[in-house]
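Coordinate analysis (summary)
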Amino acid sequence: MNLIKKTPLLYLMLLAVALISCKQESTTKENDEQEIKDADLPKNVLPKMKPMGKETPLTADYVAEKKRQIETFYRKNWPNNSMNGSFLVAKNGQIIFEKYEGYSNLRDKTPITDTTSIHIASVSKVLTATAVLKLVNAKRINLDQKVTDFLPTFPYPLVTIRMLLCHRSGMRSYAYFTDRDKSVWDRHNTLTNQDILTIMGTKNIGLEQKTGTRFAYCNTNYAMLALVIEKVTKLSYRDAMAQIIFKPLGMTHTFVLDFDKDKHHVAPSYKANRVEIGIDYLDKIYGDKNIYSTPRDLLKFDRARNSPAFLEPELLAQVYTGYSNERKGTKNYGLGIRMINWENGKNFYFHNGWWHGFTSSYIPLKDENVTIIALSNKMNKSTYAVRKLSVIFGDYPFKVADTE
């Protein structure tokens with residue numbers, strides 16, 4: 001009799017516990033969805049890239065048709081398996097086509113696979129810019145802040161962070177002012193980012209042109225941005241990039257070269273005739289180059305840049321605005337991204353890279369949610385021809401049949 005009386009009470013208690021548990025789970029989920037904005041993070045917490053959420057899956061027919069078209073292009077662009085690199089095309093984050101060809105090291109015949117990290121050359125600038133933009137988004141940097149606010153010995157007082165990002169500082173390339181005069185730099189010594197800053201501040205290195213007057217692509221801009229990242233984060237560039245971008249996105253095969261530790265272990269580069277290109281005194285500089293990655297990792301990066309969590313809308317609009325308008329034309333440069341702006345309103349965004357024998361191409365077709373990535377460690381200009389694949393996804397005025 002007592003058992004009968006207690007059963008409804010026990011039932012009610014269990015029901016109450018279940019309801020509380022569900023409510024707590026719902027609240028936790030709601031809190032997860034309402035993530036803290038970059039600008040609201042505590043000052044001791046770095047902003048981090050967030051992976052793109054689930055995207056619309058592609059139909060089997062769509063994938064089959066596009067794969068056929070890309071396969072045809074691939075055979076024409078790299079005949080006789082001549083790529084020696086890695087290549088990927090995806091839409092909505094879903095890989096449609098990928099190919100890995102040749103060797104990362106020709107001496108020991110190490111094959112290139114989907115986990116082979118290759119130097120992405122100046123595509124590194126897109127990643128450096130992304131870290132800077134996340135710090136801008138978090139109110140740690142202002143785009144129009146003077147570089148001297150972060151690097152007091154920087155000798156050009158009118159240069160801003162925005163000017164570094166869009167190549168309007170007027171600075172000279174470090175490869176030129178350290179190459180010709182031993183009184184400026186002895187090429188027997190490996191140059192560092194800090195060395196570049198010191199040389200510019202003590203060796204009377206003049207500007208190439210007046211600050212802010214015209215676009216001039218210059219690696220020195222991004223070498224300085226790497227130092228700004230270090231100053232703001234109080235971390236090495238290598239660690240800052242890992243914490244802001246690589247680790248949060250699961251880019252497990254992406255890293256900034258640790259020159260002294262890794263220089264003899266990473267994939268070397270080759271001339272077109274397969275002769276290995278050795279290391280030189282400029283190979284320690286980072287920010288403008290020296291990131292190693294894979295197409296699959298860069299796909300994760302690209303989708304995160306397309307995620308609503310990437311940047312506040314007003315800042316994002318500035319990233320894809322052209323800042324090189326002193327001369328009428330279609331080619332332009334935003335904040336860490338190249339672009340072609342056609343009169344019909346269609347925009348094409350991309351960044352290429354070339355360092356020693358490494359060539360790279362990163363193309364985000366933003367309107368179509370398509371990502372095209374090509375990396376090679378053997379000098380081959382066909383890497384850059386992958387832009388012509390954009391015509392099979394949207395109204396872009398490239399000729400896919402023309403592979404020169």
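Residues numbered from 1 in each chain as written. Predicted model: local features only at pLDDT ≥ 70, side-chain atom pairs only at ≥ 80, totals over all residues. Heavy atoms only, no water.

Turning next to the overall build of the chain. When you go through the chain residue by residue, the secondary structure sums to eleven helices and 14 strands. With respect to the principal axes defined by its C-alpha atoms, the chain has extents near 100 × 55 × 50 Å. Of all 404 residues assigned to the chain, the portion counted as buried reaches 50%. For the chain, the computed accessible surface area is about 19,900 Å², with 53% contributed by carbon and sulfur atoms. (Helix = DSSP H or I, 4+ residues; strand = E, 2+ residues; numbered from the N terminus. Buried < 20%, exposed > 50% of the residue type's maximum accessible area, 1.4 Å probe, protein only. Areas by Shrake-Rupley, 256 points an atom, 1.4 Å probe, with all protein chains shown as cover.)

Attention now goes to unusual backbone geometry. Positive phi is not limited to glycine here, since Lys 139 has a value of about 65 degrees. With respect to the element layout, Lys 139 can be found in the loop between α3 (124–137) and α4 (161–165). On the basis of relative accessible area, Lys 139 is assigned to the exposed category, the value being 61%. Unusually for a residue other than glycine, Asn 369 sits at a positive phi of about 55 degrees. Secondary-structure assignment places Asn 369 in the loop between β13 (358–365) and β14 (370–376). For Asn 369, a relative accessible area of 29% translates into the label partly exposed.

For Lys 378, the position within the fold is in the segment after β14. Not counting the four nearest positions on each side in its chain, Lys 378 is found in contact with Ser 82, Asn 84, Tyr 270, Lys 271, Ala 272, Arg 274, Gly 357 and Thr 359. (Contact = heavy atoms within 4.5 Å.)

Below, the discussion takes up the pattern of salt bridges. Enumeration over the complete set of coordinates arrives at 16 salt bridges. In this structure, the salt-bridge partner of Arg 187 is Asp 179, at a minimum N-O distance of 2.8 Å. For Arg 187, a relative accessible area of 46% gives the class partly exposed. Overall, Asp 179 belongs to the partly exposed group, its relative accessible area being 33%. (Salt bridge = Lys/Arg side-chain N within 4 Å of Asp/Glu carboxyl O.)

Pairing in this open sheet of seven strands is antiparallel, and the strands run β2-β1-β14-β13-β12-β11-β10 from one edge to the other. Sheet topology places β2 (94–101) and β10 (331–333) at the edges, where each strand pairs with a single neighbour. Recorded for the sheet is a direction-independent mean angle of 15 degrees between the axes of neighbouring strands. In terms of strand pairing, strand β1 (residues 85–91) meets β2 through seven bridges, oriented antiparallel. Residue pairing for β2: Leu 88 is matched across the bridge by Glu 98. (Pairing = 2+ DSSP bridges. Axes fitted to C-alpha atoms, helices over the stretch in contact; angles between N-to-C directions.)

Our focus in this paragraph is the sheet that holds strand β6 (residues 255–256). Within the open sheet, the three strands sit side by side as β5-β9-β6. Their pairing is antiparallel. With partners counted over all chains shown, the strands left at the sheet margins are β5 (118–119) and β6, one partner each.

Turning our eyes to something else, we now look at the nonpolar core. Formed by 84 residues in total, the largest nonpolar core has its most connected members in Leu 127, Phe 154, Met 224 and Ile 245. In this structure Met 224 touches Leu 151, Phe 154, Leu 164, Met 171, Asn 193, Ile 196, Leu 197 and Met 200, once residues within four positions along its chain are discounted. Counting 27 residues, the second-largest nonpolar core is a separate cluster that includes Leu 58, Phe 73, Tyr 74 and Phe 398. (Core = buried A, V, L, I, M, F, W, Y, C linked by side-chain atoms within 4.5 Å.)

The terminal C-alpha atoms of helix α7 (residues 219–233), which comprises 15 residues, lie 22 Å apart, in line with the 21 Å expected from a rise of 1.5 Å per residue. Positioned one or two residues after α7, Lys 234 has a phi angle of 60 degrees, which is positive. (Expected span 1.5 Å × (residues − 1).)

Here helix α2 (residues 60–77) spans 25 Å end to end across 18 residues, near enough to the 26 Å set by a 1.5 Å rise per residue. Residues Val 63, Lys 66, Ile 70, Phe 73, Tyr 74 and Asn 77 constitute the buried set of α2. The buried side chains of α2 occupy one side of the element, clustering within an arc of 100 degrees when seen end-on. Pointing more than 90 degrees away from the buried face of α2 are the exposed residues Ala 60, Asp 61 and Lys 76. Looking at the buried side of α2, the elements it contacts are β1 and β2. (Arc of directions from axis to C-beta.)

Now for the packing of α3 against α7. Interhelical geometry of α3 versus α7 gives an angle of 40 degrees and a closest axis separation of 10 Å. When the interaxial angle is binned, α3 and α7 end up oblique. At the point where α3 passes α7, the crossing takes the left-handed sense. Counting all contacts with α3, which are made through Lys 125, Thr 128, Ala 129, Ala 131, Val 132 and Leu 135, the residues of α7 involved are Asn 219, Tyr 222, Leu 225, Ile 229, Val 232 and Thr 233. (Parallel < 35°, antiparallel > 145°, perpendicular 65-115°, else oblique. Left-handed = near helix turned anticlockwise from the far one by under 90°.)

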